[in-house]
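Per-entry structural report
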Amino acid sequence: MLIGIDLGTSTCKVIAVNGDGEVLAKQSRDYAMINLRQGWAEQDPAEWWRATDEAITALTASLPEGGREVSGIGLCGQMHGLTALDASGDPLRHAILWNDQRAAPQCDWITERAGGLDELLRMTRNRMLPGFTGGKIVWFRENEPELFARTARVLNPKDYLRLRMTGTCATDVSDASGTGLFDVARRAWSDELLQLLDIDRSLLPDVVESTDQTGRVKPELAERWNVPAGTPVFGGGGDAVIQTTAMGLVDAGAVGFTLGTAGIVAGGASSCPDNPGGRVQVSCGNAPGRWHCMGVSLSAGGAFQWLRDALAPATTTDPISFDRLIGLAQAVDPGSDGLRFLPYLLGERSPHVAPEATGSWVGLTPIHHVGHLARSVMEGVLLNLREILEVCGDAGLDCERVIASGGATSESLWLQMLADVLDREIAVVTGSSEGGAYGAAMAAGVGAGVWEDFDQALAGVSVERTFVPQPGPAQAYDRIFPAHRALYDALKPLYQAHAEVL
């Protein structure tokens, strides 16, 4: 039996998987995001640990044999976060998350310091995006120098859990790729870039492959969780990458759409992709000798959650729910009667690098009601992902076959609309609803010798459902798409002017 842990943006999800790849049990616990200013996003690492501890304790208690058959634990988590620790391993401040945009000026400085974008791409294969850890480290050094001087380690979120579980400071190659400080082609830290930025290599953890063992569960935790003494913990992966792996996309051949808090379009590759212009993100894959290419929109399902939460105070007597919003959206015709939504609530990373962008409705009139708002948010998210698909196709990703996963795939309207927006058949595969937690369990199983490799581990992944585009809606979205794509260019000067007067 394997345990997979997914430390997401709002929830820690833990699953137990047997040797046949079947999910036997799952638990989850939530935690809050802290938004101190516009464009900032933080969390308390203590809350991550509380949620993880509670979820694992409840998970193993629900199993017939408790957790005594567990042979390995795999970790997955939100990428790019900065968790600053002192010499004792205690957090010095709240973690700065992947969707935080404050370090945009520092990213520009890093690019200049590297000798320009082409030189930075030569060193890392990626541009330094505002969400990446590298920019956050420079921001931290410049803005909180006293805390930075006390910092002994900087870890990504899931690797803070590893430290608490095992006492080991380590990360895996896929999560390291998302720091912007990693030479993705060589699968090692870029010493050249670190030297240029005056970032001490000792701040960063050791890097392993996703299936490598990184320590064992501490005795007191093994006793509390009822898992065998010395249960090994394996490298795991960054959520965006290992979610794609969990869909069976280790090599080229299909593209995966993940509809979670963020939206991800991604696929695998057997060699490190070139990234001219830095228009996509290139990461090491979870399988040795494999790579991963993706474009990420910062707000996908998160935009729909924002709408629900924004409406909640006005619906105290009849609380608005996701199901009710979906029903209202379903009653509106494709195109939302001319209402368009740009989902840049947290700025944007792809298809545009635009930390200053904001969420925008265009075309709002008195005929529009809450159903139009709901459907236009869904359409804006999916049309944005169609733009990203084009960018990934230009970068060489095989985009003909589409597989979907993520929390939003539990609602069929999202999947049918995705098929209509892309005008392609959408496949949903077994295990996709478990996302990164499933991929983390697979990595642990390969590392523990349950399976020989990821191909064997994922042999049971098969198509569970398919969604075929409907001719009418597909034609409507084809007509709408050019207008949607033109909106960003039209509003870009306004976004920049607005940012300057905040």
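Anything mentioned here points back to the structure above.
The structure contained in this document is the topic of the report that follows. Note that the structure is a prediction, hence the values are computed from the model and not measured.

Parameters and conventions
Residues numbered from 1 in each chain as written. Predicted model: local features only at pLDDT ≥ 70, side-chain atom pairs only at ≥ 80, totals over all residues. Heavy atoms only, no water. Helix = DSSP H or I, 4+ residues; strand = E, 2+ residues; numbered from the N terminus. Rg over C-alpha atoms; globule rule 2.2 N^0.38 Å. Buried < 20%, exposed > 50% of the residue type's maximum accessible area, 1.4 Å probe, protein only. Contact = heavy atoms within 4.5 Å. Areas by Shrake-Rupley, 256 points an atom, 1.4 Å probe, with all protein chains shown as cover. Lys, Arg positive; Asp, Glu negative; His and termini not counted. Charge placed at Lys NZ, Arg CZ, Asp CG, Glu CD. Pairing = 2+ DSSP bridges. Axes fitted to C-alpha atoms, helices over the stretch in contact; angles between N-to-C directions. Salt bridge = Lys/Arg side-chain N within 4 Å of Asp/Glu carboxyl O. Expected span 1.5 Å × (residues − 1).

The helix and strand inventory of the protein stands at 17 helices and 23 strands. For the protein, whose C-alpha radius of gyration is 22 Å, the value lies close to the compact-globule estimate of 23 Å for 502 residues. When its C-alpha atoms are laid out on the principal axes, the protein stretches across 65 × 55 × 50 Å. Taken across its 502 residues, the protein has 60% of its residues classed as buried. Long-range pairs, those at least 24 residues apart, make up 72% of the contacts in the protein with a sequence separation of at least 6. By element, 49% of the accessible surface of the protein is carried by carbon and sulfur atoms, the whole surface being about 18500 Å². One way to put it: in the protein the 39 positive side-chain charges average out to a point 2 Å from where the 62 negative ones average out.

What follows deals with the sheet that holds strand β15 (residues 255-259). What the 7 strands build is an open sheet, ordered β17-β18-β16-β15-β21-β22-β23; its pairing is mixed. One side of each edge strand has no neighbouring strand; the edge strands of this open sheet are β17 (281-284) and β23 (463-467). Each strand of the sheet is rotated relative to its neighbour by a mean of 30°, with strand direction disregarded. Sheet analysis places β17 next to strand β18 (residues 291-297), joined by 4 bridges and oriented antiparallel. The partner of Ser 283 across the bridge, within β18, is His 292. The strands that helix α10 (residues 239-246) touches are β15, β16 (263-269), β17, β18 and β21 (402-405); relative to β18, the one it contacts most, it runs at about 115°.

In this section: the pattern of salt bridges. As enumerated under the stated definition, the model contains 27 salt bridges in all. Here Glu 434 makes a salt bridge to Lys 13, at a shortest N to O gap of 2.7 Å. Of this pair, Glu 434 sits in the loop between β22 (426-429) and α15 (435-448) while Lys 13 sits in strand β2 (residues 11-17); the two residues are 421 residues apart in sequence, bridging distant segments of the chain. With a relative accessible area of 7%, Glu 434 lands in the buried category. Between Arg 68 and Glu 65 there is a salt bridge whose closest N-O contact spans 3.8 Å.

Now for helix α13 (residues 370-394). Between its terminal C-alpha atoms α13 stretches 37 Å, which fits the 36 Å expected from 25 residues at 1.5 Å a residue. Of all 25 residues that make up α13, 21 are buried, and the element is covered over most of its length.

What follows is about the environment of Leu 59. For Leu 59, the position within the fold is in helix α1 (residues 45-62). A sequence separation of 393 residues divides Leu 59 from Glu 452, and the C-alpha atoms of the two residues are 26 Å apart. Apart from the residues lying within four places of it in its own chain, the contact partners of Leu 59 are Ile 3, Val 14, Ile 15, Ala 16, Ala 25, Lys 26 and Gln 27.

On to unusual backbone geometry, then. In this model, Ser 350 is joined to Pro 351 through a cis peptide bond whose omega is 10°. Among the secondary structure elements, Pro 351 is positioned in the loop between β19 (340-342) and β20 (360-362). The backbone phi angle of Asp 198 is positive, close to 55°, even though this residue is not glycine. On the secondary structure map, Asp 198 appears in the loop between α8 (191-197) and β12 (206-208). For Asp 198, a relative accessible area of 64% corresponds to the exposed category. Even without being a glycine, Ser 336 presents a positive backbone phi close to 50°. Checked against the element boundaries, Ser 336 lands in the loop between α12 (322-330) and β19.

Keep in mind these numbers describe shape, not what the thing actually does.
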